[in-house]
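Chain and residue survey
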Amino acid sequence: MQRIGVFVCWCGSNIAATVDVAAVSDTLKNEPGVVFSTNYQYMCSESGQNILKDAIRDYQLTGVVICSCSPRMHEATFRKAAAAAGLNPYMVEIANIREQCSWIHKDKAAGTEKAIILGRAAIAKVHLNAPLTAGESPVTKRALVIGGGIAGIQTALDIAEAGFEVDIVEKQPTIGGKMTQLDKTFPTLDCAACILTPKMVDCAQNENISIYAYSEVEEVKGFVGNFHVKIRKKARYVDTTKCTGCGLCTEKCPVKKVSNEFNLGLDNRRAVYIPFAQAVPKVATIDADHCNMLKSGKCGLCAKVCTAGAIDYKQKDEIIDREYGAIVVATGYQPIALDKYDEFAYSQSKDVVTSLEFERLTNAAGPTGGTLLRPSDGTHPHTLVFVQCVGSRCEDDGRGKSYCSKICCMYTAKHAMLVREKYPDTEVYVFYIDVRTPGKNFDEFYRRAVEEYGVHYIKGMVGKVAPRADGKLMVQACDLLANEQLHIEADMVILAAAIEPDPSARHLATMLTASMDTNDFFTEAHPKLRPVESPTAGIFLSGVCQGPKDIPETVSQASAAAAKAIGLLAKNKLTCNPCVAHSDEWMCNGCSACEKVCPYGAITYMDKEFRMPDRTTAIRRVASVNPAVCQGCGACTVACPSGAMDLDGFSNSQIMAEVDAICKMK
Amino acid sequence: MQEMMIAKARELLKSGAVQRVLGWKAGEFAYDVEPAVFESAQELEKSFVYNDFCGSNLSKYLIAQSRKEGKTLVFLKPCDTYSFSQLLAEHRIVRENVYAIGIPCQGKTDGETLKGKGFTGILSAQCEGDTFTVHTLYGDKTAARADVLPERCLNCKSKKHMIYDELLGEDGEVLDSHRFDMVEKLEKMTPDERFAFWRGELSRCIRCNACRNVCPACTCEKCVFDNDASGIAQKAAADSFEENMFHIIRAFHVAGRCTDCGECSRVCPQNIPLHLLNRKFIKDINELYGAYQAGEDPDAKSPLTDYTMNDAEPGIVYHRGGNQ
């Protein structure tokens, strides 16, 4: 029989207002095995913990029940306190009478009754608790950063600065991400390339950083501190150790009409290409879909002109096996496809562009050399209409996103301002639902666009854009404040397309067993208090993969994720969770049901010899759990038809005892 | 067919290809046919039978037989091959120790059903087309096939063998059966009516465990109902709801693995239509996760132990009219 102590917390008035805490502690005193029961204002306080420690010593308690807040809050606190008093920390159970009771009930009598029942269930469980000892696992002192945009770059640099090895895996031929495509950055208007490319070069030069560009994560196994990752290094058909990045091949390649993705298809590149001048690594890549040599074996011009002998048409994808202690996800975003927004004539007119395309059209390294020209006829546009919230803050019409993409208000103000600055003869209209500019120096920036640069901000949405035969775009819109219809003859329309997580994120999340929300953004462990950690241990989140954010915010979060990863890598050993599953080999049927449901790959099977009751030996297939890999989710215990699988700390019999205690009549 | 089977079995035994034969042997009365293991030609000659009473599914016996030295020859009717295939998928049978011969089946009757229809002094029975002839002490009597076959055979799901090493006779097709009709009828009842229906049926249960013992999905090394440590054994004996609980738990345990062979209802001495519980699960799985029949494709992923993005959420219970 256990000697159980019950401690009921008031949580100030959080619990005590709707639960009669004295009645709870008095009633639970009569439960079997309870030798001590009390209540106190703040159990989590120093003096509250001392009450617990004293009672453990004075009453020789073997089990403790704390009726308080969610175990997510203070379970660790009370376990530590119990351990300090000499009790195994896993002999402590929490009855959640705050989140699951006092906060959701108004009637004090009913709340009190429920608190007693919850306490009773915890007591019933403690009776079957057994002391558990946590094991330890080593930590591989290397981090993986998935995605080489500004988020991934900043995280990698910070981790490398702390002295740990970091690998960046980037699916594009160069790191840099979306920021390389931007022209200027708000609110200070410094050039994106000028501030980003030094960081890219730092990555290439840092001896702790290895860049796997044009590569993708193929498989992730293992667990916090011990991830095993397979990286597919896609064939570039160029030996990166030999290529000097001279670019001669990209000038001689006869295949000239390949849509240039770096300029979002606004111009063309060759079949062998370097995305842009400051690419890191600066090596050529042959696009196998368009290369004549790879398609038909006829050409070979680039190999002839390459003085370094770097071209290798026989190159194959390479699989690299690496081990990591921590993984940072920095997969970023894409603007949404606008094919469902026909009213804006995006697919009908070349002069209707997305904001990211507009960045390229104003960028000195872009297809127009930085002069703003209409894509259709190369003339100078005089009237520009910006449409905000295209697909953001959308009613549930199946086309857009319910969330605010957060960056559009600011970059649109930037675009409008820059156009007016460079081309004072233009008229610029911005249609908005709301203008949202919280952030340091953000609102001042927007007000400058309105007040100093004379940008016409109009509250209302554009209903229709109709291209006219003479090349003009007829924009039909409403001005909600003036309550009137507007008809604007525009030369260009720029759509602030919503941003969404990169499509590769979903598959990656499955590999990492990291959770996502309904919009495919990675979920954080706690929205306020653990914003850069995934609920899956050892996985950290950096940048837009977790939610829309601008560059300053992304960089802050990237450094925060790095700090968390460094904290993990700095440890030599990790304490394992002792609440892991185990299989009773005598009951195991070897049916594989548990193996199929295990999300962590912790279960394997072996043929084992058994001495049977009739003194014969039999070879039976039985399951065994790797306790270092098991996360204690319990999926196997439910799938097991014979009940051979059981979870330490949450055993089948403990859960049954809790259910019995709850169902027991008063 | 019986002669062909004996000849085949004798040949394989003689050549040493198999060490034993799993089949059916005649009992005291014509309808007392039971599963048996034969190890010699003499034993085969003496009592091996294959007739319209050979309803029992031999797959489950392979769990024990395939763990023995040498090979076991087994005769499997189409519906038995579903169970065989499912047991292989669950690693319960050592495949290389089994030689499976598929045999045709036109539906099997049993003594209880015939006696229930008023036949006495039964000597043997024969089915030809839709007419069923029963030879009795009091002369030959006939009945329509539909009248003497159990529901599981009238709504046979398949005449096709899912897995075999050799086939005697012709293989059939998967049938477009009406096996879910009765389940639909039960679904249309109000919750109270349905509860009353099952209380009525299950109250007759005497906990003889025949359904569990015959079930090819119930093959646990140690059944939870026999395991004091499971915390379930005592629950099922708590009160008058005992039998109900036993059958509900059992239905959950075989959900997604039941091949709908109908053995549970065949062996029930109280004639409880137990297979309807399992069929409800099969029907629900079909509707919620797409068509799936355990035992059909050994490589198919069982919906209940496989997660996909399109899986039904728990809230589906309410959408389908469950009590909030």
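Residues numbered from 1 in each chain as written. Chains lettered and ligands numbered in written order. Predicted model: local features only at pLDDT ≥ 70, side-chain atom pairs only at ≥ 80, totals over all residues. Heavy atoms only, no water.

**A few points about the overall build of chain A**
Helix and strand content of chain A: 18 helices and 34 strands. Principal axes of the C-alpha set define a box for chain A whose edges measure 90 × 70 × 40 Å. In chain A, 69% of the contacts between residues at least 6 apart in sequence involve partners at least 24 apart. Summed over its atoms, the accessible surface of chain A is roughly 29,400 Å², and 51% of this surface lies on carbon and sulfur atoms. The average position of the 72 basic charges and that of the 76 acidic charges among the side chains of chain A differ by 3 Å. (Helix = DSSP H or I, 4+ residues; strand = E, 2+ residues; numbered from the N terminus. Contact = heavy atoms within 4.5 Å. Areas by Shrake-Rupley, 256 points an atom, 1.4 Å probe, with all protein chains shown as cover. Lys, Arg positive; Asp, Glu negative; His and termini not counted. Charge placed at Lys NZ, Arg CZ, Asp CG, Glu CD.)

**Remarks on the overall build of chain B**
Counting its secondary structure elements, chain B contains 14 helices and 9 strands. What you see for chain B is a C-alpha radius of gyration of 21 Å, in line with the 20 Å of a compact globule of 324 residues. Looking at chain B as a whole, 49% of its 324 residues qualify as buried. If the 40 positive side-chain charges of chain B are averaged to one point and the 48 negative ones to another, these points end up 3 Å apart. (Rg over C-alpha atoms; globule rule 2.2 N^0.38 Å. Buried < 20%, exposed > 50% of the residue type's maximum accessible area, 1.4 Å probe, protein only.)

**Here's the deal with the interface of chain B and chain A**
Between chain B and chain A, the residue contacts involve 19 residues of the former and 18 residues of the latter. Between chain B and chain A, a total of about 1,600 Å² is buried, with carbon and sulfur atoms accounting for 59% of that surface. At the boundary of chain B and chain A, one finds 1 salt bridge. The salt bridge partner of A:Arg620 is B:Glu221, with a shortest N-O separation of 3.6 Å. Counting every contact that joins chain B to chain A gives 4 residue pairs in polar contact (both at pLDDT 80 or more). Looking at side-chain class alone, the side of chain B that touches chain A contains 6 nonpolar, 6 polar and 7 charged residues. (Buried area = accessible area lost by both parts, 1.4 Å probe. Salt bridge = Lys/Arg side-chain N within 4 Å of Asp/Glu carboxyl O. Polar contact = N/O pair within 3.5 Å; in protein donor to acceptor, adjacent residues only side chain to side chain. Nonpolar A, V, L, I, M, F, W, Y, C, P; charged D, E, K, R; others polar.)

**Some words on the domain arrangement of chain A**
On domain assignment, one finds that chain A holds domain 1 (4-126), domain 2 (142-234 + 317-332 + 502-569), domain 3 (248-305), domain 4 (334-500) and domain 5 (581-648). On a C-alpha basis, the centroid separation for the pair domain 1 of chain A and domain 5 of chain A is 35 Å. (Domains from an automatic or database assignment.)

**Side note on the side chain of A:Ser137**
Inspection of the secondary structure assignment puts A:Ser137 in strand β5 (residues 136-138). With residues near it in sequence (within four places) discarded, A:Ser137 still touches A:Phe223, A:Asn226, A:Asn572, A:Lys573, A:Leu574 and A:Cys576.

**What to know about the state of the cysteines**
The bond known as a disulfide is covalent and runs between the sulfur atoms of two cysteines. All names here are of chain A. Counting across every chain of the model gives 1 disulfide over all chains. With no disulfide of its own, Cys 588 has Cys 594 as its nearest cysteine by sulfur position, at a separation of 6.3 Å. With relative accessibility at 7%, the residue Cys 588 sits in the buried group. (Disulfide = S-S within 2.5 Å.)

**As for helix α6 (residues 150-161) of chain A**
Along an α-helix, residues three or four apart share an orientation, since each turn contains 3.6 residues. All names here are of chain A. A rise of 1.5 Å per residue sets the reference length of α6, with its 12 residues, at 16 Å; its end C-alpha atoms lie 16 Å apart and thus fit the reference within 8%. Counting buried residues along α6, 10 of its 12 residues qualify, which places the element largely inside the surrounding structure. On its buried side, α6 packs onto β6 (142-146), β7 (165-170), α7 (192-205), β10 (209-213), β18 (326-329) and α15 (551-569). Positive backbone phi, at 100°, marks Gly 163, one or two positions downstream of α6. (Expected span 1.5 Å × (residues − 1).)

**As for the sheet that holds strand β23 (residues 456-459) of chain A**
Residue and element names in this part refer to chain A. One open sheet accounts for 5 strands, arranged β20-β27-β21-β22-β23; its pairing is parallel. Two strands close off the open sheet at either side, each with one partner strand: β20 (352-354) and β23. Each neighbouring strand pair of the sheet contributes to a mean axis angle of 20°, computed without reference to strand direction. Of the pairings in the sheet, the one linking strand β21 (residues 383-390) to strand β27 (residues 492-497) comprises 5 bridges and is parallel in character. Across the sheet, residue Val 385 finds its bridge partner in β27, namely Val 493. Lying on the sheet, helix α12 (residues 408-422) is in contact with β21, β22 (427-432), β23 and β27; it crosses β21 at an angle near 175°. (Pairing = 2+ DSSP bridges. Axes fitted to C-alpha atoms, helices over the stretch in contact; angles between N-to-C directions.)

**Observations concerning the pattern of salt bridges**
Pairs can form between side chains of opposite charge once their charged atoms are near each other. Following the criterion strictly, the structure yields 58 salt bridges over all chains and no others. For A:Glu500, the salt bridge goes to A:Lys401, with nearest N and O atoms at 3.0 Å. Linking A:Glu500 in strand β28 (residues 499-501) with A:Lys401 in the loop between β21 and α12, this pair joins segments that are 99 residues apart in sequence. Taking relative accessible area as the criterion, A:Lys401 reaches 17% and is therefore assigned buried. One salt bridge in this structure joins A:Glu533 and A:Lys564, with 3.8 Å as the shortest N-O distance. Residue A:Glu533 is located in the loop between α14 (504-512) and β29 (539-541), and its partner A:Lys564 is located in helix α15; the two are separated by 31 residues in the primary sequence. Residue A:Glu533 is classed as buried on the basis of its relative accessible area, which comes to 12%. Each of the salt bridges in this network shares a partner with another, and the network as a whole consists of B:Glu187, B:Lys280, B:Lys283, B:Asp284, B:Glu287 and B:Arg320.

**Let's talk about the environment of A:Ser534**
Residue and element names in this part refer to chain A. Its place among the elements puts Ser 534 in the loop between α14 and β29. Between the C-alpha atom of Ser 534 and that of Lys 106, which follows or precedes it by 428 residues, the distance is 34 Å. Beyond its immediate stretch of four places on either side in the chain, Ser 534 contacts Ala 514, Thr 523, Ala 525, Ile 539, Phe 540 and Leu 541. Side-chain polar atoms of Ser 534 contact the backbone nitrogen of Thr 536, separated by 3.1 Å.

**Thoughts on the nonpolar core**
Counting 60 residues, the largest nonpolar core has A:Ile159, A:Val166, A:Ile209, A:Ile603 and A:Met645 as the members making the most contacts within it. Sorting elements by how many residues they give to this core places α6(A) first, with 7 residues. Look past the residues within four positions of A:Val166 in its chain and what remains in contact with it is A:Arg142, A:Ala143, A:Val145, A:Ala156, A:Ile159, A:Ala160, A:Asn208, A:Ile209 and A:Ser210. Core analysis: the second largest hydrophobic core is formed by 46 residues, B:Leu22, B:Val33, B:Ile93 and B:Val134 among them. (Core = buried A, V, L, I, M, F, W, Y, C linked by side-chain atoms within 4.5 Å.)

**Considering the pairing of β21(A)**
All names here are of chain A. The buried fraction of β21 amounts to 8 of the 8 residues, a majority that puts the element mostly inside the structure. As judged from the 5 bridges shared by β21 and β22, these two strands associate in the parallel manner. Paired with Val 385 across the bridge in β22 is Tyr 429.

**Quick word on the packing of helix α1 (residues 21-28) of chain A against helix α5 (residues 108-126) of chain A**
All names here are of chain A. Running from N to C, α1 and α5 cross one another at 35°; their axes reach a closest spacing of 9 Å. In this structure, α1 meets α5 at a crossing whose hand is right-handed. Between α1, through Ala 23, Val 24, Thr 27 and Leu 28, and α5, the contact on the second element is made entirely by Thr 112, Ala 115, Ile 116, Gly 119, Arg 120 and Ile 123. Split into classes, the residues belonging to the contact of α1 with α5 amount to 6 nonpolar, 3 polar and 1 charged. (Left-handed = near helix turned anticlockwise from the far one by under 90°.)

**Considering the sheet that holds strand β24 (residues 462-467) of chain A**
All names here are of chain A. Read across the open sheet, the 3 strands follow the order β24-β25-β26; overall the sheet is antiparallel. Edge positions in the sheet fall to β24 and β26 (484-490), since each has one partner strand and no second. Taking each pair of neighbouring strands and ignoring which way they run, the sheet shows an average axis angle of 20°. Here strand β25 (residues 473-479) pairs with β26 via 7 bridges, running antiparallel. Residue pairing across strands places Met 474 opposite Glu 489, the latter belonging to β26.

**Points about the side chain of A:Ser392**
Residues and elements named next belong to chain A. The residue Ser 392 is located in the loop between β21 and α12 in this model. Among the polar contacts made by the side chain of Ser 392, one reaches the side chain of Ser 405 at a distance of 2.7 Å. Non-local contacts of Ser 392, meaning those with residues more than four positions away in its chain, are made with Lys 401, Tyr 403, Ser 405 and Ala 498.

**Details of the packing of helix α8 (residues 181-188) of chain B against helix α13 (residues 275-289) of chain B**
Residue and element names in this part refer to chain B. Interaxial distance between α8 and α13 falls to 9 Å at its minimum, and their mutual angle equals 85°. When the axis of α8 is compared with that of α13, the two are roughly perpendicular. Each of Met 182, Val 183, Glu 184, Leu 186 and Glu 187 in α8 lies in contact with α13, whose residues at this interface are Leu 276, Arg 279, Lys 280, Lys 283 and Asp 284. (Parallel < 35°, antiparallel > 145°, perpendicular 65-115°, else oblique.)

**What to know about unusual backbone geometry**
Residues and elements named next belong to chain A. Here the residue pair Phe 186 and Pro 187 is connected by a cis peptide bond, since its omega of -5° sits within 30 degrees of zero. Residue placement: Pro 187 occurs in the loop between β8 (184-185) and β9 (190-191). Of note, the bond from Val 280 into Pro 281 is cis; its omega dihedral lies within 30 degrees of zero at 0°. With respect to the secondary-structure elements, Pro 281 resides in the loop between β15 (272-273) and β16 (285-286). Although it is not a glycine, Lys 406 adopts a positive phi angle of roughly 70°. In this structure, Lys 406 sits in the loop between β21 and α12.

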